[in-house]
Structures are given as structure tokens and as C-alpha cells.
Amino acid sequence: TQLLEQSPQFLSIQEGENLTVYCNSSSVFSSLQWYRQEPGEGPVLLVTVVTGGEVKKLKRLTFQFGDARKDSSLHITAAQPGDTGLYLCAGPMTTDSWGKLQFGAGTQVVVTP
Amino acid sequence: SAVISQKPSRDICQRGTSLTIQCQVDSQVTMMFWYRQQPGQSLTLIATANQGSEATYESGFVIDKFPISRPNLTFSTLTVSNMSPEDSSIYLCSVENTYTEAFFGQGTRLTVV
């Protein structure tokens, strides 16, 4: 089993601050996905990173895939209360299915006004 | 993106009973996936459901406890059988598309008393 370790487990910051969430593995992944989950909802896909060294931006969110495709990070600039949620990284368990995912433990982010 | 509807959204059940969760997708998909999210934890894959064949279960999950049906390309059910309080979780179905993306339903929050 390819283990995905997320850190930190919990982040509480003030509006306007920056934050970074990390997702690390000892194994190589063909891709990694980042999701945000809010209470009472299923995870919502934010981004998929596929190429080693890739950087993707989604408004104030920046996602990076490590050169060796073993790690990824999510950076939020000038966080807002709407960024509050559980952030999950996930990678495919097999090479024949994108949807068969292994998830990290998640990072609970709380942004206070 | 796929639109996934799950029913029921939540339920409170007596121990020893069974609950069937339905998952409806707005487009035809080859594979559907069922996940469990225990309180305060991340998602764990239960099984993969292909139309026309038996579901494939992950380690720690068995068909007698979590029977799955997949009668067509847009629908699947997961039954949680002979429930105990330890089965209290959020159960989520998901599908994959052809662009390395997975989409989730809103989940079914099950409480066993």
C-alpha cells in the first residue's frame, strides 16, 4: 500500500494569512489529486497534478507536484473564511483506474475573520 | 463533471438492521466506487463496482457485510448489513471520468444506535 502522509493535521489561522499543506509519500504516484470537503458534503476536486515539478494555480491556491512525484503541496495566499474545510490529498491505488483512490489523513483548515 | 446523487443523505438505524444506500449518476460510467469515512477520519475505499460483474472489495471489507449491486451504468447500491455502532460513518460513492478526475456524491451519514 502506498502511504500518503499529510501535515499538519490541523491549521487555524487569521484571515489574510498564508498557509501550506503538505502531502508526502515514499512511493511514486502517477498523479495526485487535492480535494476540499466541507461538513455534510462529499469531497470536491480542486486539482490534479500529473507531471513532476508541475505547478498549478487556482485563484489564491497554488499546487505543486514534486520532481520525483512523491510529494505535493497546497499553498493558500491571503486565506479567507471561505477556505475553511478539510483538505485531502489522494493518489490512485492502481495504474488502471483514476477513481480507485488512496487518501491522506486530511488537514483541517480553519480561517477566522 | 458528473453529478452524483446519494440517498438517503442521513439515517439513524438500530443495531442489527441493514441499510441500503443508493447512488445515481447523471451519465453512464464504467466504474463506481464506494468509500467509508469514519468520524474525524479520511476516506477508505470499500469496493469497486463494475456493471455486469461482482464488486471487487478492498482488504478488510467483505461482501457479506457490504453487498453491492450495479444493475446498470448509472446506478449502484451499497448495503450495510447487520449494523453495529462501529458502522457509524459517512458512506460516499464516486465515479471517475476520462480526464484523471474522480467525483463524489454528498455522502450518506449513518448513525447506528
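See above for the structure.
Residues numbered from 1 in each chain as written. Chains lettered and ligands numbered in written order. Predicted model: local features only at pLDDT ≥ 70, side-chain atom pairs only at ≥ 80, totals over all residues. Heavy atoms only, no water.

### Considering the interface of chain A and chain B
- In this assembly, 21 residues from chain A lie in contact with 20 residues from chain B.
- Carbon and sulfur atoms make up 57% of the area that chain A and chain B hide from each other, which totals about 1600 Å².
- Here chain A and chain B share one salt bridge between them.
- Note that Lys100 of chain A and Glu58 of chain B form a salt bridge whose closest N and O atoms lie 3.5 Å from each other.
- For the side of chain A that touches chain B, the elements supplying multiple residues, two or more each, are strand 4 (32-37), strand 5 (44-49), strand 9 (85-92) and strand 10 (101-103) of chain A.
- Here the side of chain A that touches chain B takes three residues from strand 4 of chain A, the largest share from any one element.
- Grouping the amino acids of the side of chain A that touches chain B by side-chain chemistry returns 10 nonpolar, eight polar and three charged. (Contact = heavy atoms within 4.5 Å. Buried area = accessible area lost by both parts, 1.4 Å probe. Salt bridge = Lys/Arg side-chain N within 4 Å of Asp/Glu carboxyl O. Helix = DSSP H or I, 4+ residues; strand = E, 2+ residues; numbered from the N terminus. Nonpolar A, V, L, I, M, F, W, Y, C, P; charged D, E, K, R; others polar.)

### Some remarks on unusual backbone geometry
- Across the junction of Ser7 of chain A and Pro8 of chain A, the peptide omega takes the value -10 degrees, indicating a cis bond.
- Position of Pro8 of chain A among the secondary structure elements: in the loop between strand 1 (5-7) and strand 2 (10-14).
- The peptide bond linking Lys7 of chain B to Pro8 of chain B adopts the cis configuration, its omega dihedral lying at -10 degrees.
- Its place among the elements puts Pro8 of chain B in the loop between strand 1 (4-7) and strand 2 (10-13).
- The backbone of Ala78 of chain A shows a phi angle near 50 degrees, a positive value even though the residue is not glycine.

### Description of the pairing of strand 8 (residues 75-80) of chain B
Residue and element names in this part refer to chain B.
- With six of six residues buried, strand 8 lies mostly within the body of the structure.
- Burial of the side chains of strand 8 extends over both faces: Phe75, Thr77 and Thr79 are buried on one face and Ser76, Leu78 and Val80 on the other.
- Sheet topology note: the strand 3 (residues 19-25)/strand 8 ladder contains six bridges and is antiparallel. Residue pairing for strand 8: Gln24 is matched across the bridge by Phe75.
- Bridging between strand 7 (residues 68-72) and strand 8 involves three bridges; their strand directions are antiparallel. Bridge pairing in strand 8 places Ser69 opposite Thr77.
- Between the end of strand 7 and the start of strand 8, which pair antiparallel, lie two residues. (Buried < 20%, exposed > 50% of the residue type's maximum accessible area, 1.4 Å probe, protein only. Pairing = 2+ DSSP bridges.)

### Quick word on the layout of surface pockets
- One number sums up the size of the largest pocket: a volume of about 450 Å³.
- Lining the largest pocket are 25 residues, and of these Gln37 and Leu86 of chain A together with Gln37, Gly40 and Gln41 of chain B sit closest to its centre.
- Elements supplying a minimum of two residues to the lining of the largest pocket: strand 9 and strand 11 (107-112) of chain A together with strand 9 (89-96) and strand 11 (108-112) of chain B.
- Here the lining of the largest pocket gets three residues from one element, more than from any other, and that element is strand 11 of chain B. (1 Å grid on protein atoms, 1.4 Å probe; cavity = no way out; pocket = protein on both sides within 12 Å on 5 of 7 lines; lining within 4 Å. Points joined across faces, edges and corners; volume = space filled by probe spheres on them.)

### Some thoughts on the state of the cysteines
- Enumeration over the complete set of coordinates arrives at two disulfides over all chains.
- Linked covalently through their sulfurs, Cys23 of chain A and Cys89 of chain A form a disulfide whose S-S length is 2.0 Å. The disulfide joining Cys23 of chain A to Cys89 of chain A has a torsion of about 75 degrees about its S-S bond and is therefore right-handed. Note that Cys23 of chain A is positioned in strand 3 (residues 19-24) and Cys89 of chain A in strand 9, a separation of 66 residues in sequence.
- Disulfide pairing places Cys23 of chain B opposite Cys93 of chain B at an S-S distance of 1.9 Å. On the S-S bond that ties Cys23 of chain B to Cys93 of chain B, the torsion sits near 70 degrees, and the link is right-handed. Highlighted residues: Cys23 of chain B in strand 3 and Cys93 of chain B in strand 9, separated in sequence by 70 residues.
- For Cys23 of chain B, a relative accessible area of 0% puts it in the buried group. (Disulfide = S-S within 2.5 Å.)

### Side note on the pattern of salt bridges
All names here are of chain A.
- This model, assessed by the stated rule, comprises five salt bridges over all chains.
- Between Arg60 and Asp83 there is a salt bridge, with the nearest N and O atoms lying 2.8 Å from each other. Pair noted here: Arg60 is in the loop between strand 6 (55-58) and strand 7 (61-65) and Asp83 is in the loop between strand 8 (71-76) and strand 9, with a separation of 23 residues, a long-range link.
- On the accessibility criterion, Asp83 (4% relative accessible area) is buried.

By themselves, these figures tell us nothing about what the structure is for.
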